[in-house]
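Chain by chain, the residues:
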Amino acid sequence: MKCLGIEATAEKLGIGIVNIKSEILTNITKYKPLTTGIHPREAAQHHAENIKDLIKEALQKVELSFKDIDLISFSQGPGLGPSLRVAAVAARTLALKYSLPLVGVNHCVAHIEIGRLKTEARDPLTVYVSGGNTQITAFVSGRYRVFGETLDIALGNLIDQFARTANLGNPGGPVVEKLAKEGNYIELPYTVKGMDLSYSGLLTAAKRALNNYSVEDVCYSLQEVSFSMLVEVAERALAHTGKEELLIAGGVGVNRRLQEMLNSMADERGSGFFTTPENLLGDNGAMIAWLGILEYTHGKRMKPEDSFVRQRWRTDEVEVLWR
Amino acid sequence: MKLIARGAEAVIMLDEGEIIKKRIKKNYRIPLIDLKLRKKRTKREARLLSIARQHGIPTPFVRDVIPEEFTIRISYIEGETLRDIVEKLKNIKEIFHEVGNLAGKMHSGNVIHGDLTTSNMILSKGRIYLIDFGLGEINESIEAKGTDILVFKKSVRSTHFEHEEEIFDAFFRGYLESFPSGSKVIERLKLMERRGRYFSER
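The rules behind the values
- Residues numbered from 1 in each chain as written.
- Chains lettered and ligands numbered in written order.
- Predicted model: local features only at pLDDT ≥ 70, side-chain atom pairs only at ≥ 80, totals over all residues.
- Heavy atoms only, no water.
- Domains from an automatic or database assignment.
- Contact = heavy atoms within 4.5 Å.
- Buried area = accessible area lost by both parts, 1.4 Å probe.
- Salt bridge = Lys/Arg side-chain N within 4 Å of Asp/Glu carboxyl O.
- Polar contact = N/O pair within 3.5 Å; in protein donor to acceptor, adjacent residues only side chain to side chain.
- Phe/Tyr/Trp six-rings, centres within 6.5 Å; stacked < 30°, edge-to-face > 60°.
- Helix = DSSP H or I, 4+ residues; strand = E, 2+ residues; numbered from the N terminus.
- Lys NZ or Arg CZ within 6 Å of the ring centre and 35° of its normal.
- Core = buried A, V, L, I, M, F, W, Y, C linked by side-chain atoms within 4.5 Å.
- Buried < 20%, exposed > 50% of the residue type's maximum accessible area, 1.4 Å probe, protein only.
- Axes fitted to C-alpha atoms, helices over the stretch in contact; angles between N-to-C directions.
- Parallel < 35°, antiparallel > 145°, perpendicular 65-115°, else oblique.
- Nonpolar A, V, L, I, M, F, W, Y, C, P; charged D, E, K, R; others polar.
- Expected span 1.5 Å × (residues − 1).
- Pairing = 2+ DSSP bridges.
- Left-handed = near helix turned anticlockwise from the far one by under 90°.

All names here are of chain B. Looking at the assigned domains, one finds that chain B contains domain 1 (2-75) and domain 2 (80-201). In this complex, domain 1 contributes 18 residues to the contact, which on the side of domain 2 involves 18 residues. Among the residues domain 1 hides against domain 2, the three largest losses belong to Leu48, Ile57 and Pro58. Together they make up 40% of the total. The residue Asp132 makes a salt bridge to Lys21 at a minimum N-O spacing of 2.8 Å. The interface formed by domain 1 and domain 2 contains five residue pairs in polar contact (both at pLDDT 80 or more).

Pasting the structure below:
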């Protein structure tokens, strides 16, 4: 069995093909480099213009055709509506045209599952951090329950928005990480609410600090404060759930300082520490294809007329049938 | 002195019938952040435990505070955390009605707990004690009170999902009883949930 997965929740369009032995046959991603924040309609337009060729390219790369594909899966949510609709329309069309079964999957759950597949983590607490998501989840009684999350903006969004204000380009993460190495600490607001956190006050303060401090100092302090907050709530969630493994998922997970801090916390607690391989950390089609296989082989079926997109689909609404 | 619990941020020791809570150093964060947070929270917790008590919330008595050692000494409350016993409670509605009542009293005195979860509620001889005020503050804003309740709601959703409805129901009844203008907080709470990245309209 081979599944073709389509990922489009934000600015990236991804196509992946995965087989039932969980081998990733191909995984390609395309996006228009951004100079500003994501413009939902423009992102969707990019996806609509490129999706046909990208699917073709994915198949050709491994010398497959639709005769070899047994299942179509797509990112049904959560995400930006216009992007999600491109993935959904393409997936429905392919399913109908080639008479293939269709499953819509949850993007956040896909990040967790690809991490579990490609690391030694079996039952981790997952710290999922990206441009649009900051969420700490663990599997309890049939679902990935949310133990901590941002109450406003995501960690990636915090860094990107700050980087744009400081004219550091887009995406800002790698530049902020580099500049931070030369900086010293200045005080910025630290906001943790139980196992949740809030980044919007920190963003405002960091932007304002640019008037009085060097960009290096603000980058350093922004990273130290925002990551400390995240590690703190992750540690609370570990203690609370009793899980013994920690897994990083999502694009912000490439940040070395963040990895180092999470690793240090996990070490001190005697917990296992795992990072999703770098090529699968960001949004990609392979994770959608893999979750499609998990869902389908455990009985999930979806009619095209039920494949409407779910922009705000919560992680804990998904029934995890495969665990 | 006997170690009785190791939380995410502190060790709890029993010494001559009293509790010593010491916030421990975290190597993942830089010392400038680490020292400041631990000191601030130690002082805050001692202060808020006393203030909450003045508003009629059962809390441990504060015997001593040593900010330089990130330590407080408080009375020992013998009992179990609600977190551990919710699933076997016979009078779950009554208990969470009382929890709501306490939250209402606290908020009418502008005390924000900051980590209102069932791990921080101890049932002892029929009374519910609130502990762990380290993330708390005095704040009269509706937003701060809404956030406090949001933290409670989310922790119930993740940890006591089987009793979600009855817990919320009883909690909000108790909350409004002791804090009638809490209806404004509940209204704000709905807005805040929608502001979050994910929510489902149910």
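Having seen the structure, we can now continue with the description.
Here we take up the packing of aromatic side chains. Each aromatic ring pair is specified by the distance between its two centres and by the angle formed by the two planes. For the coordinates displayed, the defined rule picks out seven aromatic pairs over all chains. Ring centres 4.3 Å apart and planes at 10° place the aromatic pair A:Phe66 and A:Tyr98 in the stacked group. Residue A:Phe66 is located in the loop between helix 1 (40-61) and strand 4 (71-77), and its partner A:Tyr98 is located in the loop between helix 2 (81-97) and strand 5 (102-106); the two are separated by 32 residues in the primary sequence. Between the aromatic rings of B:Phe96 and B:Phe152, the centroid separation amounts to 6.4 Å while the plane-to-plane angle is 40°, which identifies the pairing as tilted. Linking B:Phe96 in helix 3 (residues 92-108) with B:Phe152 in helix 4 (residues 142-159), this pair joins segments that are 56 residues apart in sequence. Here the aromatic residues B:Phe96, B:Phe152, B:Phe171, B:Phe172, B:Tyr175 and B:Phe179 are joined through ring pairs into a cluster of three or more. The aromatic ring of B:Phe70 is capped on one face by B:Arg38, whose charged end is 4.0 Å from the ring centroid.

Membership of the largest hydrophobic core comes to 55 residues, with the highest contact counts inside it found for A:Leu155, A:Phe162, A:Leu188, A:Tyr199, A:Leu230, A:Leu246 and A:Leu262. The biggest single contributor to this core is helix 7 (residues 215-241) of chain A, with 13 residues. Aside from chain neighbours lying at most four places away, what touches A:Leu262 is A:Val127, A:Val231, A:Ala234, A:Leu246, A:Ile248 and A:Phe273. Core analysis: the next-biggest nonpolar cluster, separate from the first, contains 43 residues, B:Val86, B:Val99, B:Val156 and B:Ala170 among them.

Now for the packing of helix 5 (residues 164-178) of chain B against helix 6 (residues 182-195) of chain B. A pair of packed helices is captured by two measures, namely the crossing angle of their axes and the spacing between those axes. Residue and element names in this part refer to chain B. Helix 6 packs onto helix 5 with a crossing angle of 140° between their chain directions and a minimal axis gap of 8 Å. In terms of axis orientation, helix 5 runs oblique to helix 6. Across the interface between the two elements, Phe172, Tyr175 and Leu176 from helix 5 touch Gly182, Ser183, Val185, Ile186 and Leu189 from helix 6. By residue class, the composition of the contact of helix 5 with helix 6 is six nonpolar, two polar and no charged.

A word on helix 10 (residues 285-297) of chain A. All names here are of chain A. Spanning 13 residues, helix 10 covers 18 Å between terminal C-alpha atoms, matching the ideal 18 Å at 1.5 Å per step. In terms of burial, helix 10 is largely enclosed, as twelve of its 13 residues are buried. Buried within helix 10 are the following residues: Gly285, Ala286, Met287, Ile288, Ala289, Trp290, Leu291, Gly292, Ile293, Leu294, Glu295 and Tyr296. In this structure Asn284 caps helix 10, since a side-chain oxygen of it lies 3.1 Å from the backbone nitrogen of Ala286. Of the residues flanking the end of helix 10, it is Gly299, one or two places downstream, whose phi is positive at about 100°.

Our focus in this paragraph is the side chain of A:Gln259. In this fold, A:Gln259 is placed in helix 8 (residues 256-269). Here A:Gly253 takes part through its backbone oxygen, which lies 2.7 Å from a polar atom of the side chain of A:Gln259.

Moving on to the pairing of strand 8 (residues 143-149) of chain A. Counting buried positions along strand 8 of chain A yields six of seven residues, so the element is predominantly enclosed. Counting the residues between successive antiparallel strands, the hairpin from strand 7 (residues 134-140) of chain A to strand 8 of chain A contains two residues, one of them, A:Ser141, with a positive phi of roughly 40°.

Okay, the domain arrangement of chain A next. All names here are of chain A. The domain boundaries assigned to chain A delineate domain 1 (2-107 + 283-317) and domain 2 (120-275). For domain 1 versus domain 2, the distance between C-alpha centres works out to 27 Å. Contacts between the two partners involve nine residues from domain 1 and, on the opposite side, eleven residues from domain 2. When domain 1 packs against domain 2, close to 770 Å² is buried across both sides, 43% of that on carbon and sulfur atoms. Summed over the three residues of domain 1 that lose the most area to domain 2, namely Arg314, Thr315 and Asp316, the buried surface amounts to 52% of that side. Where domain 1 meets domain 2, there are one salt bridge. The residue Arg314 makes a salt bridge to Glu149 at a minimum N-O spacing of 3.5 Å. Where domain 1 touches domain 2, the interface holds three residue pairs in polar contact (both at pLDDT 80 or more). Of the residues contributing to the side of domain 1 that touches domain 2, the split by class is one nonpolar, five polar and three charged.

This part covers the packing of helix 6 (residues 200-209) of chain A against helix 7 of chain A. Residue and element names in this part refer to chain A. Helix 7 packs onto helix 6 with a crossing angle of 165° between their chain directions and a minimal axis gap of 10 Å. Compared by their axis directions, helix 6 and helix 7 come out roughly antiparallel. In the packing of helix 6 onto helix 7, the handedness of the crossing is right-handed. Contact residues: Leu202, Ala206 and Ala209 in helix 6; Val218, Leu222, Val225, Ser226 and Met229 in helix 7. The class makeup of the residues in the contact of helix 6 with helix 7 is seven nonpolar, one polar and no charged.

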